[in-house]
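Architecture at a glance
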Amino acid sequence: QVQLVESGGGLVQPGGSLRLSCAASGSIFSIYTMGWYRQAPGKERELVAVITIGGNTNYADSVKGRFTISRDNAKNTMDLQMDSLKPEDTAVYYCNADLRDGFRTVYWGKGTLVTVSS
């Protein structure tokens, strides 16, 4: 069984930084695309950033220039460096992975809470 575990959330002041990490474990043959999504209270889950196995990235317009996604294919890990955080970045952040574990499957982590407040 594959598991995705996020870490690094917490409380930060506006303008501050946080680094989120996601670790995938289990019987994984290959991870194609990994991504971060977030869901704020009362809102739908939205894409934050994705990264392909080749390192191509895509960001939501709202985080471009402030967030940086990266991954380590050898370790099956992914990070999200978040700088210049704003109160509107407050949300539960979820790790997502499109991978092959015998089948082509999409997995989600349980989420980590990021709160941006003074």
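Residues numbered from 1 in each chain as written. Predicted model: local features only at pLDDT ≥ 70, side-chain atom pairs only at ≥ 80, totals over all residues. Heavy atoms only, no water.

1. Comments concerning the sheet that holds strand E3 (residues 18-25)
- Pairing within the open sheet is antiparallel, and its four strands lie in the order E1-E3-E8-E7. Since the sheet does not close on itself, it has two edges, and those belong to strand E1 (3-7) and strand E7 (67-72), each with one partner. Sheet twist, expressed as the mean angle between neighbouring strand axes with direction ignored, is 15 degrees.
- As judged from the six bridges shared by E3 and strand E8 (residues 77-82), these two strands associate in the antiparallel manner. (Pairing = 2+ DSSP bridges. Helix = DSSP H or I, 4+ residues; strand = E, 2+ residues; numbered from the N terminus. Axes fitted to C-alpha atoms, helices over the stretch in contact; angles between N-to-C directions.)

2. Describing the pattern of salt bridges
- By the definition in use, this model includes six salt bridges.
- Asp-89 serves as the salt-bridge partner of Arg-38, at 3.0 Å between the closest nitrogen and oxygen. Of the two residues, Arg-38 is situated in strand E4 (residues 30-39) and Asp-89 in the loop between E8 and strand E9 (91-100); the sequence distance between them amounts to 51 residues. Like Arg-38, the residue Asp-89 is buried in the burial classification.
- Here Asp-61 makes a salt bridge to Lys-64, at a shortest N to O gap of 3.1 Å.
- When its relative accessible area of 65% is taken as the criterion, Asp-61 is described as exposed.
- Sharing partners across several salt bridges, the network here consists of Arg-38, Glu-46, Arg-66 and Asp-89. (Salt bridge = Lys/Arg side-chain N within 4 Å of Asp/Glu carboxyl O. Buried < 20%, exposed > 50% of the residue type's maximum accessible area, 1.4 Å probe, protein only.)

3. Digging into the packing of aromatic side chains
- Going through the model one piece at a time under the given rule, you end up with one aromatic pair.
- Residues Tyr-37 and Trp-108 carry aromatic rings whose centres are separated by 5.0 Å and whose planes lie at 65 degrees to one another, so their mutual orientation is edge-to-face. On the criterion of sequence distance, the pair formed by Tyr-37 in strand E4 and Trp-108 in strand E10 (residues 104-108) is long-range, its members being 71 residues apart.
- Trp-108 gets classed as partly exposed once you look at its relative accessible area, which sits at 38%.
- Between Arg-45 and the ring centre of Tyr-94, over which it is positioned, the NZ or CZ distance is 3.7 Å.
- Seen from the ring of Tyr-32, Arg-104 lies directly overhead, with NZ or CZ sitting 3.8 Å from the centre. (Phe/Tyr/Trp six-rings, centres within 6.5 Å; stacked < 30°, edge-to-face > 60°. Lys NZ or Arg CZ within 6 Å of the ring centre and 35° of its normal.)

4. What to know about the pairing of E9
- Counting buried residues along E9, eight of its 10 residues qualify, which places the element largely inside the surrounding structure.
- By the bridge criterion, nine bridges tie E4 to E9 in an arrangement that is antiparallel. Bridge assignment links Ile-31 to a residue of E9, and that residue is Leu-99.
- The pairing of E9 with E10 spans five bridges and is classified as antiparallel. Directly across from Asp-98, in E10, lies its bridge partner Val-106.
- Here E9 folds back onto E10 in antiparallel fashion, the turn holding three residues, of which Gly-102 has a positive phi close to 115 degrees.

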